[in-house]
Every structure is written in structure tokens, then in C-alpha cells.
Amino acid sequence: MNRTLRLKTPLSEMEIRRLKVGDIVYLSGIIVTARDAAHKRMLDLVEAGKPLPINLRGFPIYHCGPLVRMEDGRWIVLAAGPTTSMRMEPLESVAIEKLGVRMVIGKGGMGKKTADAMARFGSVYGAFTGGAAILAARHVTRVVDVKWLDLGVPEALWVLEVKGFGPLIIAIDSHGNNLFGEVNERAWERYRFALQESGEA
Amino acid sequence: MRVEEIVEDVAARLLRLAVVKLPSDVKRAIERAYREEENPLGKAQLQAIIENIRLAEELERPICQDTGLITFYVRAGADFRGLDRVELSLKRAVKKATRQIPLRPNAVNPFTQQNSGNNVGRLLPYVKWDIVPGEHLEITAFPKGGGSENTCTLAMLSPSVGVEGLKRFVVESVLKAGGMPCPPTIIGVGIGGGADISMDLAKAALLRPLNKPNPDPWIADLEHQLYREINALGIGPMGLGGKFTTLAVKVSYAYRHPASYPVAVAFQCWAARRASARIHMDGSVEYLTHKVEEA
């Protein structure tokens with residue numbers, strides 16, 4: 001049976017270390033969206049030793065480019081499902097190490113480099129159902145801030161206040177387990193076995 | 001109304017229908033997958049998907065925040081008057097839909113990385129023309145998300161690998177894609193022609209209704225074999241495990257060059273958005289994929 005937990009951001013290392021692959025988490029507090037271009041800019045700043053416009057220590061990064069509308073001078077989030085996390089694979093380990101990101105939320109899973117950084121520095125990956133953008137937007141209570149709009153709406157850093165944001169399936173924990181990796185390895189094994197059976201290998 | 005106004009109005013409606021409401025064949029395939037999925041994590045993903053589809057219809061909002069890169073497939077009757085103005089009307093429709101629905105601005109200059117802000121840019125929206133006999137104009141709006149687009153593959157295989165070789169390439173493409181294209185996906189496979197022709201065929205195969213078997217029994221059998229082999233991998237909904245990695249496999253082919261054996265695999269996410277309508281010369285409009293109450 002999968003455990004269900006309700007957590008508040010910022011997240012402590014202890015809370016994160018308790019989580020195991022297969023746990024289901026609902027988040028409340030602040031989460032920050034960042035995709036390809038935002039990751040690149042964040043890491044350029046880290047390299048240059050310059051500060052970020054937002055302190056991410058203890059907070060989740062959400063791989064998401066939301067669909068938004070301005071109403072009466074306020075941003076409204078209409079749809080905000082996750083984007084494919086694997087694109088951020090080359091950069092995410094640095095964000096975890098240098099910026100203290102405690103959770104990465106996205107879809108499709110991430111690779112070894114990120115999983116290693118999560119084990120080392122205490123962070124987890126939470127999978128949200130890809131395409132379930134309205135379910136996600138329903139849990140966004142407010143747009144607190146937005147930075148780097150010059151990157152375009154999908155690529156900007158959206159600082160979102162969320163309530164009961166989930167279900168997030170913990171798919172990489174801080175103990176070296178990677179659910180997507182396991183599913184994928186088994187899939188390759190099944191494929192190779194089927195080839196052998198048909199005398200193809 | 002003039003022809004260009006009708007085309008603009010219909011295209012904008014089609015975009016709204018496409019991004020808000022999935023065609024009924026796609027919904028039925030997802031519901032069936034939910035009923036039959038046994039893996040609890042995979043089943044939970046399908047449950048969230050079904051709930052999201054319902055909310056999108058209820059709130060009249062786009063199903064997914066990625067409202068895609070927009071292609072229009074146009075089947076133009078040779079005797080339809082005003083064809084020279086159709087592309088301009090489609091561009092106008094995209095700008096209008098982007099503002100009104102709204103759609104996420106998804107057109108980016110590949111050199112400056114600037115987002116145009118209105119989903120229009122060089123060659124966007126992309127228009128695929130097909131000239132057919134008759135006096136009507138059939139338009140299909142096909143907004144396709146980036147996640148499933150990024151896992152599309154093309155191989156110029158050696159003809160000696162044969163049908164078994166092409167099947168291996170398709171299944172390995174699905175293995176490499178894993179959870180990234182938002183499974184359960186629809187998979188279009190284009191075989192033969194040149195590199196461009198095979199990918200064209202693979203993409204166009206994604207427009208076929210899921211519930212209609214291929215009229216060519218040999219191709220129908222190949223589709224079924226690929227469907228079985230892909231769903232035996234256990235990648236499952238969103239790559240979290242389960243027996244529904246794909247909802248349907250659709251194969252199209254052209255004859256090939258003796259030296260070439262091109263195979264293209266086009267992935268479509270579960271949010272398989274498409275909407276079609278036929279405009280007649282008298283200005284009347286038939287919606288083909290969705291029920292429309294007032295048109």
C-alpha cells in the first residue's frame with residue numbers, strides 16, 4: 001500500500017529523507033516553475049557567483065510552462081501541467097547541489113545524474129500526471145510573483161502558492177531508488193526476452 | 001460572410017474544440033484503458049487523466065497547458081473558390097484563438113529564441129494541402145504538444161532487415177521514449193518513400209479514428225502485432241508501469257527506393273487533439289469530429 005503524506009514548503013532535509021519511492025505527496029506552500037531557458041539562466045548566474053531573484057533553498061522546482069491570463073492586473077493560472085523533465089537532466093544536479101532545491105516536480109522521470117544528486121544532497125522527484133493541467137491549476141491558489149518574463153511566458157519563473165498540490169508520486173527518492181529507471185529496465189528485459197523467444201537476438 | 005471570414009471563424013472554432021474536448025474515439029480508448037489497467041500507479045494516472053478531461057469540458061479550458069504547435073490539414077476541393085486566401089485566414093484564426101481561448105504562445109524563433117507571443121511565425125501555423133475533387137474545403141486543426149513530438153524518430157534502415165527489422169525499430173523507439181511522450185500514446189508509423197514521405201505518413205496516420213480497423217488486412221495485422229508487442233513492455237501510463245503504453249498503432253506506407261527502407265515513428269500523447277470541419281461553397285459548415293450545437 002502506498003503511503004500518502006501532506007507536506008508544507010519549505011521542505012527540510014529530514015522530511016525529504018523520510019520519503020520513499022511510491023509514496024504519494026500533496027504539497028502546500030510555494031513552488032517555483034522553471035524549464036529549459038530558466039535552468040540555463042539560473043546556472044549561468046550560479047557560475048558567475050551572482051544571486052538569483054528568488055531563493056530556492058528548501059523549495060520545489062516545477063517543470064512547467066503554465067497557460068496564464070491577465071485579469072484585472074492579476075495573473076490567473078488556467079492550466080499548469082508538467083513538462084518533460086528529462087530535458088533538464090544535464091542541469092538539475094547543479095540546481096540541487098548549489099541552490100538547495102529539495103524537490104523536483106515534473107513528468108517522465110529523470111536520469112542517473114539527477115538521482116545521484118538527490119541521494120547526495122537530499123532531494124526527491126515527484127511525478128505529476130502529464131497533461132492533467134487543469135487538475136494542477138486547481139491547486140494553484142495565487143500567483144505570488146513572476147520573474148524573467150523576457151524568456152517568454154512558458155519559460156519564465158512563476159512563483160506559485162499551492163494548496164494540496166498533487167497527487168505527486170515519489171519516483172526518485174534520496175536513497176538511490178528510481179521508479180522510472182526500474183520500469184524502463186524491466187521493459188528492455190522483456191523486449192530482449194521476446195526477441196530471444198522468436199529467435200531474433 | 002465572405003469565404004475568408006468563414007474560414008477564419010471555422011478554424012478558430014476548430015482550435016477551441018480541439019484543445020478543450022477530445023474526440024469521442026480517443027475518450028473511449030482512454031476509458032477502456034482505465035477499466036482494464038491492473039497496475040495501481042498506472043491506473044491512478046488514467047483516473048487523473050479522465051478527471052482532467054471532464055474538468056476541461058466543464059470549465060471550457062484547454063486540457064493541457066501545452067496547446068501545441070499548430071498544423072492545419074486542408075483537403076481542398078479543386079472547385080472551391082477562394083483557396084488563395086485560406087492560409088491568411090488560418091493565420092488570423094490562430095492569432096484570434098491564442099487571444100480568446102487562450103492558447104499558450106508556442107512559436108519561437110530558433111535563432112534569437114524570441115517567442116512571437118501569438119503562435120504565428122515563419123511557416124507557422126503549418127498548412128498541409130491536399131487537392132481533392134469537389135467544391136468543399138475540409139479543415140483539420142491539429143495542435144500537437146512538444147513532449148510527444150520530441151520522441152518522434154526516423155531511421156533509414158537497410159532494406160535487408162525486412163519487416164522484422166522495422167518492427168524492432170518501432171518497439172525500440174517506444175522503449176527509448178519511455179514516459180516522456182505522455183503514454184498511453186497513439187503511435188503513427190510511416191514506411192517507405194523517402195525520409196520526408198515516411199514522416200509525413202506517420203504524422204497523418206495520427207489523424208485516423210482509433211476505433212476503425214485498417215481496411216488493408218495485412219496492415220491491420222501489422223498494427224495489431226505492434227500494439228501487442230508495445231503493450232507487453234510494461235512502460236504503462238506516464239511511464240510508471242502498466243499494460244497500457246499505447247492506445248493504438250496506425251501504419252501507413254508508400255513504395256520505397258530499392259536501396260532505402262525509411263521508417264518513421266510519430267508519437268501522439270493521450271491528449272490527442274484534433275478537430276475537423278467541412279465548409280461548403282454555399283457557406284454551410286459541417287463539423288466532423290465534434291458535436292457542435294450552434295455553428
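Residues numbered from 1 in each chain as written. Chains lettered and ligands numbered in written order. Predicted model: local features only at pLDDT ≥ 70, side-chain atom pairs only at ≥ 80, totals over all residues. Heavy atoms only, no water.

Draft legend 1. Fine view of the overall build of chain B. Along the backbone of chain B there are 8 helices and 9 strands. Here the C-alpha radius of gyration of chain B, 19 Å, is about what a compact globule of 295 residues would show, namely 19 Å. Projected onto its principal axes, the C-alpha coordinates of chain B cover approximately 55 × 50 × 45 Å. Nonlocal contacts in chain B, meaning residues at least 24 apart in sequence, comprise 80% of its contacts between residues at least 6 apart. When the accessible area of chain B is evaluated, it comes to approximately 12,700 Å², of which 53% is carbon and sulfur surface. Side-chain charges in chain B split into 37 positive and 33 negative, and the spacing between the mean points of these groups amounts to 3 Å. (Helix = DSSP H or I, 4+ residues; strand = E, 2+ residues; numbered from the N terminus. Rg over C-alpha atoms; globule rule 2.2 N^0.38 Å. Contact = heavy atoms within 4.5 Å. Areas by Shrake-Rupley, 256 points an atom, 1.4 Å probe, with all protein chains shown as cover. Lys, Arg positive; Asp, Glu negative; His and termini not counted. Charge placed at Lys NZ, Arg CZ, Asp CG, Glu CD.)

Draft legend 2. The arrangement of the layout of surface pockets in detail. Residues and elements named next belong to chain B. Quantified by volume, the second largest pocket comes out at close to 770 Å³. Every residue lining the second largest pocket is counted, 29 residues in all, and those nearest its centre are Thr140, Leu207, Arg274, Ser276 and Thr289. The set of elements that each furnish at least two residues to the lining of the second largest pocket consists of α2 (24–36), β1 (69–77), β2 (126–132), β3 (137–144) and α7 (195–205). In terms of residue count, the dominant contributor to the lining of the second largest pocket is α2 (4 residues). Taken together, the residues of the lining of the second largest pocket break down into 11 nonpolar, 6 polar and 12 charged. Here the lining of the second largest pocket gathers at least three residues from each of two domains, domain 1 (3–21 + 63–145 + 273–287) and domain 2 (147–268). (1 Å grid on protein atoms, 1.4 Å probe; cavity = no way out; pocket = protein on both sides within 12 Å on 5 of 7 lines; lining within 4 Å. Points joined across faces, edges and corners; volume = space filled by probe spheres on them. Nonpolar A, V, L, I, M, F, W, Y, C, P; charged D, E, K, R; others polar. Domains from an automatic or database assignment.)

Draft legend 3. Looking closely at the interface of chain A and chain B. Opposite the 41 residues of chain A that make contact, chain B presents 43 residues. Counting the surface lost from both chain A and chain B, the interface buries some 3,500 Å², and carbon and sulfur atoms represent 64% of this. It is Leu67, Ile134 and Tyr191 of chain A in chain A that bury the most area against chain B; as a group they hold 17% of the surface buried on that side. Counting the contacts that link chain A with chain B gives 0 salt bridges. The interface formed by chain A and chain B contains 14 residue pairs in polar contact (both at pLDDT 80 or more). Mapped by element, the contributors of at least two residues to the side of chain A that touches chain B are β4 (67–71), β5 (74–79), α5 (133–138), β9 (157–172) and α6 (179–197) of chain A. Among the elements that line the side of chain A that touches chain B, the one with the most residues is α6 of chain A, at 9 residues. Residue classes in the side of chain A that touches chain B are distributed as 25 nonpolar, 9 polar and 7 charged. (Buried area = accessible area lost by both parts, 1.4 Å probe. Salt bridge = Lys/Arg side-chain N within 4 Å of Asp/Glu carboxyl O. Polar contact = N/O pair within 3.5 Å; in protein donor to acceptor, adjacent residues only side chain to side chain.)

Draft legend 4. Representation of α7 of chain B. Of all the residues in α7 of chain B, the buried ones are Ser198, Ala202, Lys203 and Ala205 of chain B. Seen from one end, α7 of chain B has its buried residues packed into an arc of 160°, which puts them on one side. (Buried < 20%, exposed > 50% of the residue type's maximum accessible area, 1.4 Å probe, protein only. Arc of directions from axis to C-beta.)

Draft legend 5. Quick look at the nonpolar core. Ranked by size, the top nonpolar core spans 125 residues in total, and within it Leu27 and Phe165 of chain A together with Trp270 of chain B carry the most contacts. For this core, the element with the highest residue contribution is β9 of chain A, accounting for 11 residues. Both domain 1 (3–21 + 63–145 + 273–287) and domain 2 (147–268) of chain B contribute no fewer than three residues apiece to this core. If you look at the next biggest cluster of nonpolar residues, it comprises 32 residues, including Val10, Ala76, Leu103 and Tyr287 of chain B. (Core = buried A, V, L, I, M, F, W, Y, C linked by side-chain atoms within 4.5 Å.)

Draft legend 6. The sheet that holds strand β4 (residues 153–157) of chain B, seen in detail. Residues and elements named next belong to chain B. One open sheet holds the 4 strands; their spatial order is β4-β7-β5-β6, and the pairing between them is mixed. On the outer flanks of this sheet lie β4 and β6 (246–256), each paired with one strand and no other. Each strand of the sheet is rotated relative to its neighbour by a mean of 15°, with strand direction disregarded. Of the pairings in the sheet, the one linking β4 to strand β7 (residues 261–268) comprises 5 bridges and is antiparallel in character. (Pairing = 2+ DSSP bridges. Axes fitted to C-alpha atoms, helices over the stretch in contact; angles between N-to-C directions.)

Draft legend 7. View of unusual backbone geometry. In this structure, Pro10 of chain A follows Thr9 of chain A across a cis peptide bond, with omega equal to 0°. The residue Pro10 of chain A is located in the loop between β1 (4–8) and α1 (13–18) in this model. Here Pro183 of chain B and Pro184 of chain B are connected by a cis peptide whose omega angle stands at 5°. Take Pro184 of chain B: it is sitting in the loop between α6 (162–177) and β5 (185–193). Notably, Asp72 of chain A is not glycine yet its phi reads approximately 50°, a positive angle. Turning to its location among the elements, Asp72 of chain A is positioned in the loop between β4 and β5. Looking at Asp72 of chain A, the relative accessible area reads 81%, which means it is exposed. One non-glycine residue, Asn119 of chain B, lies in positive phi territory at about 70°. For Asn119 of chain B, the position within the fold is in the loop between α4 (86–100) and β2. The exposure class of Asn119 of chain B is buried, given its relative accessible area of 5%.

Draft legend 8. Looking closely at the domain arrangement of chain B. All names here are of chain B. On domain assignment, one finds that chain B holds domain 1 (3–21 + 63–145 + 273–287) and domain 2 (147–268). Inter-centroid distance (C-alpha atoms) of domain 1 to domain 2 is 26 Å. Listed per partner, the contact involves 9 residues of domain 1 and 14 residues of domain 2. Together, the buried faces of domain 1 and domain 2 total about 820 Å²; carbon and sulfur atoms form 49% of this surface.

Draft legend 9. A look at the pattern of salt bridges. Residue and element names in this part refer to chain B. According to the stated counting rule, one finds 35 salt bridges over all chains in the structure shown. Put simply, Arg75 and Glu138 hold a salt bridge, and the shortest N to O gap is 3.9 Å. Placement of the pair is Arg75 in strand β1 and Glu138 in strand β3, with a sequence separation of 63 residues. With a relative accessible area of 38%, Arg75 lands in the partly exposed category.

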